[in-house]
Structures are given as structure tokens and as C-alpha cells.
Amino acid sequence: MLRACVFVAAASAAAIVTSSALAQNYIVLYKSQSVPANAAQTISAAGGTLVHSYGQIGVAVASSGSAAFRQNLLSDSRVANAASTTGFATQLEGSVADDAAAPLSDLVGIPAPGSDNLSGLQWDMDQIHSPEARAIDGGSPSVVVGDIDTGLDYTHPDLASNVDFAKSVSCVGGVPDTNPAAWNDDNGHGTHTAGTIAAAKNTIGIVGVAPNVKIAGIKAGNAAGFFFPEAVVCAFMWAGSHDIDVTNNSYFADPWLFNCRNDPEQRAIWTAERRAIRYAQSNGVVVVAAEGNQSDDLAHPTQDATSPDDTDPVLREIHNQCAVVPVEVPGVVGVTANGNLQLKSFYSSYGVGSASVVAPGGDSILQRTAAAPNGRVLSTWPAALLGNCLRQVIDVSGATYCYLQGTSMASPHVAGVAALIESTGITSPGAVSAKLQQTADPLACPADLSIYAPFPAVDNGAPQVCTGGTGYNSFNGHGQVNALAAVGG
């Protein structure tokens, strides 16, 4: 759900669920890490059509209007499972092999000192020492961050010079489409996260964490902010096969906040998505993901009261066999959110094991300050969608911006710092993740947890509890990401 890790209303079930008489997409999971050569024929014999094949991970996307399609497929002994993706959309709110190192001559970070017109409103950048970092290293144009989101506005004056058109794509529907009209942002969320990562240093508007790197829009969420599983699989497969260095993931995949491996259909979706993420990681992609906005302790789940998020939620008892994708997939850099007082945001989920670092995501209730009077994070926004932004800022140049809060806003700060680290010549996903954590500023658990009492976990009503020490804890992970320390300042 673009739970896109900002607060949004779910679309009506009528807009998402199709009748069994209409064609639906299916994830077909094969037992082996390959798709059989005759998959199109066997899928056709079962009553469907092969839409796209991801042979590298043994996953196919199929379409069928037959109610018997799944059962027919399961008669093929090579098929591990299959699931219709219609009821599995998620909406915005939300050891890996080393890659071959690029020549150091191509990874020279270019300084980007100074400020742009709206830099004074970027308390979030000051908090992670981004201005000082970019004065030393603003990133290399050879580094590409793939923003897996709702696309991006490639005409935005603060993004246009940094957009990598050749590596941008729409994955909506599960099939790559490189037509720019297909991956243009029709929601706004993707443009916001892209600006935090790589808004240019060009005198206008804001400056991103890594203003000299390239940004690729990988559109997996539609206009309503729903991320269907086939789009998520496609997005990671694209990133892993198109030399993307870092991906930002400000959403959780599948309408089930917690994907439970003991449920056959959820297991098929969960396994397919995990295979795709692992494929990207094994091809050198650093995967950064938002922790979520449920105020949940992901290390101790007991029930899920918000899933499925595309229809009427059903209360489910859950345990540790259930996980949030992508943030709880091994090797993913999990990001919690904080505000301008450097306290975990009231809404941010957290957890020992899933939280790697914390970054500014905003906090409009507990952490309004002189520097952050509305508590939120400012970033780029499509001019065509300005009416959808409640807190607008228009630069004197006419470029448009919006204030938002959420772990969706925290994650791209970390993706941007990861891109700066890549620009120094550290390119292994494991080494980049380690550098992020080692250079973070340690933050202890809050001395007074009573401030979170009005905000219990959305799913089970449990009070928010921080566990661990200053070096690592469930709220802040290894600490607040520090862009200056990451580039060696």
C-alpha cells in the first residue's frame, strides 16, 4: 500500500475487486528457480494467458477469467503455488553476492555546495548534515537510484536534469513499459520521495540528499496508490537487470500488512516478492525500505487489524511466521522515522531486527519546532496534482512542492545517503548497509515513553515500547543516518 507509508484513505473495494467472470492477474510460482519453456502452453491449457515470465526467479504473471484456473494450474507438478493478485494490492499510506565494482574514475562524487531558494525550510536535511556532506560530495552521475513508487514527474524543474529515462519504467500490470507517459507520476507520492533523494542543486526550490546522482522512476503503484504484487516483482526484477545501484521502497507490498507463510496464497505472493528482492540484491542493488506507519513493534506482532487494505479489514491473530514485505526481507535496510526533536515519530513502526537506522520523516503532533513549524518534510510535487496537496509551497520560479509526513519520507533520506556512499566507490550492498549503520549517530531510547501513550499500535493496541541501548534499539536502529560522516567528512 503506498502505505506509501503516508496516511491515505483506501480505495473502495468496488474499484479494486473484479468478478470471477472478468480476467484477473495471477502470480504463478514454480518450484524451481526457472519458468518451464512450455509455460505459455500449460497456462493456456489451464484456462489462462501468460502475461510475462521472470525466468530468473521461477515466477510468471498470468491472466485468466476462469474460476477454475488456479486449481487447474496446481495439477502441474512443477507449480508450487498460484494466487490471484486482485485481492492482494497494497496502498500507500508505506549473504548477498558482491557486485562487480565500477571503475573508480566513474564514481567521483561532485561537490554541490550552497543552498537553493527553499533550503531554509529543509530542517530534515540539516538534521542529517546533508548540506555539509554535499559541499564535499553531492554524488556521482554514474550512480542511479531506482525509486520504486508511483512514478515521478520527469518535467519537474528540480528533477528533470537528474532523471535517467533509459532506466525508468512502469511495472503496473507486471510487464515493463518504458514509455515515459506510462511511468509519469499520477499520484504525487513518487515525485515527493524522488525529490528527497535527488532534487538538483540548481538555485530553485529544494536540494536532495544526493543532488548529482541520477534518479530512475520505477512505477509500481497506480494513481490510487495501490501496489499489486506483480508490479512489485517486476520492479525488483527491473532494478536487478538494469544496473540500478539503490532502490527506495516507501510502501509495504500486498494488502496484508503482515504476510503469513502459513497461508497458501499469501505464501505464494510472499515467496515471489522475496525471490525478486533477493535477485536484485544478488545483482548489486541496495534495497532501502520504510518501516511503516502503524506504530507497531514488528518484532512482536500479535494481530493484524488493517488487512486486507483494499477491502474490509479482518482481525487476524499473527505471530513471527508473518512478516512485512519488503522491510523484513533479509538484507533490506529498514528505516524508522523521527521528527525535529530527534525522537521517533508518533506513527512510525519499529522493531529489533527490522530497524536499521532512523531518518527524518516528520512528526506533526509531538515535534513541531521553530525549524519545523508544521512538523512535516518538504519535497517536490507535480504541478498538475497540486490540488491534491494540502500544504503547498510554490517557489518563485513556479516550481511546486508539498509537505508530507511518514516513514515514506524517512526512507528516501537513507536511499540518498546510500547513493553518496556508492559514489565513494563502495558498491557492495552489504558494505553500503554496513557503512550506513557504522556512520549513523547513535540515539538512545526516549527517557519518557509516556509521550507515545496516546498512540498505541494500530493493529493490536499495544503501548509503544523501546528496547535496547544507545548503540542499537528498536526505535532508532543503529542511529540517525549521517550524510557527512558517510562521505568521510
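These numbers were taken from a predicted model, which means no experiment stands behind them. (Residues numbered from 1 in each chain as written. Predicted model: local features only at pLDDT ≥ 70, side-chain atom pairs only at ≥ 80, totals over all residues. Heavy atoms only, no water.)

A.B. asks: Explain the pattern of salt bridges to me, using residue names and the numbers behind them.
C.D. replies: Enumeration according to the criterion identifies 3 salt bridges in this entry. With a closest N to O distance of 3.0 Å, Lys201 and Asp116 form a salt bridge. Taken together, the positions of Lys201 in the loop between helix H8 (189-198) and strand E8 (214-219) and Asp116 in the loop between strand E5 (90-91) and helix H5 (123-127) put the pair 85 residues apart, joining distant regions of the chain. The exposure class of Lys201 is partly exposed, given its relative accessible area of 26%. Classification of Asp116 as buried rests on a relative accessible area of 6%. (Salt bridge = Lys/Arg side-chain N within 4 Å of Asp/Glu carboxyl O. Helix = DSSP H or I, 4+ residues; strand = E, 2+ residues; numbered from the N terminus. Buried < 20%, exposed > 50% of the residue type's maximum accessible area, 1.4 Å probe, protein only.)

A.B. asks: Help me get a handle on the sheet that holds strand E18 (residues 377-380), residues and values and all.
C.D. replies: Read across the sheet, 3 strands follow the order E18-E20-E19 without closing on themselves; strand pairing throughout is antiparallel. Both outer strands of the open sheet, E18 and strand E19 (392-394), are each paired with one neighbouring strand and no more. Taking the axes of each pair of neighbouring strands and ignoring which way they run, one obtains an average angle of 30° across the sheet. As judged from the 3 bridges shared by E19 and strand E20 (residues 400-404), these two strands associate in the antiparallel manner. Its bridge partner lying in E20, Ile394 is registered against Thr400. In the packing of H8 onto the sheet, contacts are made with E18 and E20, and the angle to E18 comes to roughly 100°. (Pairing = 2+ DSSP bridges. Axes fitted to C-alpha atoms, helices over the stretch in contact; angles between N-to-C directions. Contact = heavy atoms within 4.5 Å.)

A.B. asks: Describe in detail the sheet that holds strand E2 (residues 49-54), supporting the description with residues and values.
C.D. replies: Pairing is antiparallel in the open sheet, where 4 strands are placed in the order E2-E3-E1-E4. Only two strands of the sheet have a single neighbouring strand rather than two, namely E2 and strand E4 (79-84). For this sheet, the mean inter-axis angle between neighbouring strands, taken without regard to orientation, is 20°. Note that strand E1 (residues 24-30) and strand E3 (residues 59-64) share 6 bridges and pair antiparallel. Counted as the bridge partner of Tyr26 is Ala62 from E3. Contacts from helix H9 (residues 229-241) reach E1, E2 and E3 within the one sheet, and its direction differs from that of E1 by about 55°.

A.B. asks: Explain H8 residue by residue, including any values.
C.D. replies: Of all 10 residues making up H8, 10 are buried, and the element is well covered by its neighbours. Looking only at H8, the buried set comprises His189, Gly190, Thr191, His192, Thr193, Ala194, Gly195, Thr196, Ile197 and Ala198.

A.B. asks: Describe the packing of aromatic side chains, naming the residues involved and giving the relevant values.
C.D. replies: Using the criterion set out here, one finds 9 aromatic pairs in the structure. Ring geometry for Phe227 versus Tyr251: centroids 4.6 Å apart, planes at 20°, classification stacked. Note that Phe227 is positioned in strand E9 (residues 226-227) and Tyr251 in the loop between strand E10 (246-249) and strand E11 (259-260), a separation of 24 residues in sequence. Since its relative accessible area comes to 0%, Phe227 is described here as buried. Geometrically, the ring pair formed by Tyr350 and Phe475 is edge-to-face, given 4.8 Å between the ring centres and 70° between the ring planes. Of this pair, Tyr350 sits in the loop between strand E16 (333-338) and strand E17 (357-360) while Phe475 sits in the loop between helix H12 (429-438) and helix H13 (483-486); the two residues are 125 residues apart in sequence, bridging distant segments of the chain. Among the residues examined, Phe475 registers a relative accessible area of 0% and is labelled buried. Sitting over the face of the ring of Phe475, Lys344 holds its NZ or CZ atom 4.9 Å from the ring centroid. (Phe/Tyr/Trp six-rings, centres within 6.5 Å; stacked < 30°, edge-to-face > 60°. Lys NZ or Arg CZ within 6 Å of the ring centre and 35° of its normal.)

A.B. asks: Describe the packing of H8 against helix H11 (residues 407-423), with residues and values.
C.D. replies: Relative orientation of the contacting elements H8 and H11 amounts to 40°, with a least axis distance of 8 Å. In the packing of H8 onto H11, the handedness of the crossing is right-handed. Listed contacts from H11 to His189, His192, Thr193, Thr196 and Ile197 of H8 are Ser408, Met409, Pro412, His413, Ala415 and Gly416. Here the contact of H8 with H11 is composed, by residue class, of 4 nonpolar, 7 polar and no charged. (Left-handed = near helix turned anticlockwise from the far one by under 90°. Nonpolar A, V, L, I, M, F, W, Y, C, P; charged D, E, K, R; others polar.)

A.B. asks: Tell me what's going on with the pairing of E20, and back it up with residues and numbers.
C.D. replies: Extensive coverage of E20 is indicated by the burial of 5 of its 5 residues. On E20, burial covers both faces: Thr400, Cys402 and Leu404 on one face and Tyr401 and Tyr403 on the other are all buried. In terms of strand pairing, E18 meets E20 through 4 bridges, oriented antiparallel. Each bridged residue has a counterpart across the sheet, and for Leu378 the counterpart in E20 is Tyr403. Between E19 and E20, which follow one another and run antiparallel, lie 5 residues, and Gly398 among them has a positive phi close to 100°.

A.B. asks: Give a detailed account of the side chain of Gln122, specifying residues and quantitative values.
C.D. replies: Tracing the backbone through its elements, the reader meets Gln122 in the loop between E5 and H5. A distance of 3.0 Å separates a polar side-chain atom of Gln122 from the backbone oxygen of Val207. The contacts of Gln122, once residues within four sequence positions are left out, are Ile206 and Val207. (Polar contact = N/O pair within 3.5 Å; in protein donor to acceptor, adjacent residues only side chain to side chain.)

A.B. asks: Tell me about the pairing of E4, residues and numbers included.
C.D. replies: Counting buried positions along E4 yields 5 of 6 residues, so the element is predominantly enclosed. The sheet contact formed by E1 and E4 spans 5 bridges and is antiparallel. Each bridged residue has a counterpart across the sheet, and for Val28 the counterpart in E4 is Ala82.

A.B. asks: Hey, could you go over the state of the cysteines for me, with residue numbers and the actual values?
C.D. replies: Across all of its chains, the model carries 3 disulfides by this definition. The disulfide partner of Cys171 is Cys234, and the S-S distance across this bridge is 2.1 Å. One disulfide, between Cys171 and Cys234, carries an S-S torsion of -65° and so falls in the left-handed class. Separated by 63 residues along the polypeptide, Cys171 in the loop between strand E7 (169-170) and helix H7 (180-183) and Cys234 in helix H9 bring together distant segments of the chain. Take Cys171: its relative accessible area is 0%, and that puts it in the buried class. Between the sulfur of Cys389 and that of Cys402 lies a disulfide, 2.1 Å long from S to S. Taking the sign of the S-S torsion, about 100° here, the bridge from Cys389 to Cys402 comes out right-handed. Note that Cys389 is positioned in the loop between E18 and E19 and Cys402 in strand E20, a separation of 13 residues in sequence. Assigned by exposure class, Cys389 and Cys402 land together as buried. (Disulfide = S-S within 2.5 Å.)

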